[in-house]
Amino acid sequence: MFYQLDPSNYQIVRSILNDLLDIHLSIVSLLEGLSPGAIFVDDLDQPKSVFGYSMRRFFLEGTPDNDEFNQGVRGFFNDTLYPNAAEMKFPHYALHYSPDGWDDVIPHILEGNFPVREGRHYYAFKDSQLKHDWRSLIPEGFVLRRIDQGLLAESQLENLDSVIEELQSERTSVEDFFDKSFGFCLVRENEEIVAWCMSEYNCAGRCEVGIETVEDYQRRSFATVTASAVVDQALSTGISEVGWHCYASNQA
């Protein structure tokens, strides 16, 4: 069967999701009621299979050979997600899963929806401090700025729209971002934002980060600068672990 859990019962699936919780803070944030989303199970009292999502990140865990449950997941994608993707603000999504038994099941669940299989890497910073002088990497003519309401008010800044879009990629609104997250960017001559990094899913003494550098400014250590600024800020607020997801194809 396929049932939606009431948020008050989310903790019933925590043990099933253990393999994902260490590297997917979005799920932890969902379980803690800090992020919007939904969780579905095969049994409301003793679940063995779990499917859910928080923002654009979906996950599958538990027993993969559960035909009725898998049909429910398939129905969610075909009848709910795809017909309402624009309204739900899902231009794209990622589906993460464990254990490996799902490899044989997911092609049937997503049949006809043309999924693209992509490998992912996860990196975690767990030290007490950074070991390099990242501020020395900021070249003349560039300034590191905290992403705040003052920055957003400077409408002349090129790429400001992209920054505002990123603010809301893992938060429900700009206000929600400023209430729960933080970020930094590099600005060239008060004209153009060239790189930015923002914290995501701040909870349980952890956060994850999203990083982007405008293509013309890549390979100049700008991502190192903005990410280091976010890590330093995270450490100063009591966060002890900072994680980052990237595509396996992202060799840099």
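Whatever comes next refers back to the structure up there.
The structure displayed is predicted, hence computed values, not measured ones.

> Requested: an account of the overall build of the chain, with residues and values cited.
A count of helices and strands for the chain gives 8 helices and 11 strands. Over its C-alpha trace the chain gives a radius of gyration of 20 Å, about what one expects of a compact globule, namely 18 Å for 252 residues. Seen along its three principal axes, the alpha-carbon backbone of the chain occupies a region of about 60 × 40 × 35 Å. For the chain, buried positions account for 47% of its 252 residues. As presented, the chain carries roughly 13300 Å² of accessible surface, and 46% of it is formed by carbon and sulfur atoms. The average position of the 19 basic charges and that of the 41 acidic charges among the side chains of the chain differ by 5 Å.

> I'd like a rundown of the sheet that holds strand β1 (residues 3-4), residues and numbers included.
Here we have 5 strands laid out as an open sheet, ordered β1-β2-β3-β4-β5, and mixed in their pairing. Across the chains shown, the open sheet's two edge strands, defined by having one partner strand only, are β1 and β5 (94-98). Across the sheet, helix α3 (residues 67-81) touches β2 (37-41), β3 (49-54) and β4 (57-62), and the angle it forms with β3 is around 25°.

> How would you summarise the sheet that holds strand β9 (residues 192-203) if you had to cite specific residues and measurements?
Sheet strands pair by backbone hydrogen bonding; their relative direction is either parallel or antiparallel. Spatially, 6 strands are ordered β6-β11-β10-β9-β8-β7 in an open sheet, and the strand pairing comes out mixed. The strands lining the two open edges of the sheet, one partner per strand, are β6 (120-125) and β7 (142-146). In this sheet, neighbouring strand axes are inclined to one another by 20° on average, regardless of whether the strands run parallel or antiparallel. Pairing geometry for β9 and strand β10 (residues 206-213), over 7 bridges, is antiparallel. Bridge pairing in β10 places glutamate 200 opposite glutamate 208. The sheet strands contacting helix α6 (residues 160-167) are β9 and β10, and the helix crosses β9 at an angle near 5°.

> Lay out the state of the cysteines with the relevant residues and their values.
Tallying each qualifying case throughout the model produces 0 disulfides. Free of any disulfide, cysteine 197 has its nearest neighbouring cysteine sulfur in cysteine 207, separated by 8.3 Å.

> Before we move on, can you summarise the packing of aromatic side chains with the specific residues and values?
Tallied over the entire structure, the rule returns 22 aromatic pairs. Aromatic pair phenylalanine 2 and phenylalanine 69: ring centres 5.5 Å apart, planes at 50°, arrangement tilted. Here phenylalanine 69 lies in helix α3 and phenylalanine 2 lies in the segment before β1, a separation of 67 residues in the sequence. Residue phenylalanine 2 is classed as partly exposed on the basis of its relative accessible area of 25%. Every member of this aromatic cluster is reached through a ring pair, and the members are Phe2, Phe40, Phe51, Tyr53, Phe58, Phe69, Phe76, Phe77, Tyr82 and Tyr93. The cationic tip of arginine 120 hangs over the ring face of tyrosine 247; the distance from NZ or CZ to the ring centre is 4.6 Å.

So, how was this worked out
- Residues numbered from 1 in each chain as written.
- Predicted model: local features only at pLDDT ≥ 70, side-chain atom pairs only at ≥ 80, totals over all residues.
- Heavy atoms only, no water.
- Helix = DSSP H or I, 4+ residues; strand = E, 2+ residues; numbered from the N terminus.
- Rg over C-alpha atoms; globule rule 2.2 N^0.38 Å.
- Buried < 20%, exposed > 50% of the residue type's maximum accessible area, 1.4 Å probe, protein only.
- Areas by Shrake-Rupley, 256 points an atom, 1.4 Å probe, with all protein chains shown as cover.
- Lys, Arg positive; Asp, Glu negative; His and termini not counted.
- Charge placed at Lys NZ, Arg CZ, Asp CG, Glu CD.
- Pairing = 2+ DSSP bridges.
- Contact = heavy atoms within 4.5 Å.
- Axes fitted to C-alpha atoms, helices over the stretch in contact; angles between N-to-C directions.
- Disulfide = S-S within 2.5 Å.
- Phe/Tyr/Trp six-rings, centres within 6.5 Å; stacked < 30°, edge-to-face > 60°.
- Lys NZ or Arg CZ within 6 Å of the ring centre and 35° of its normal.

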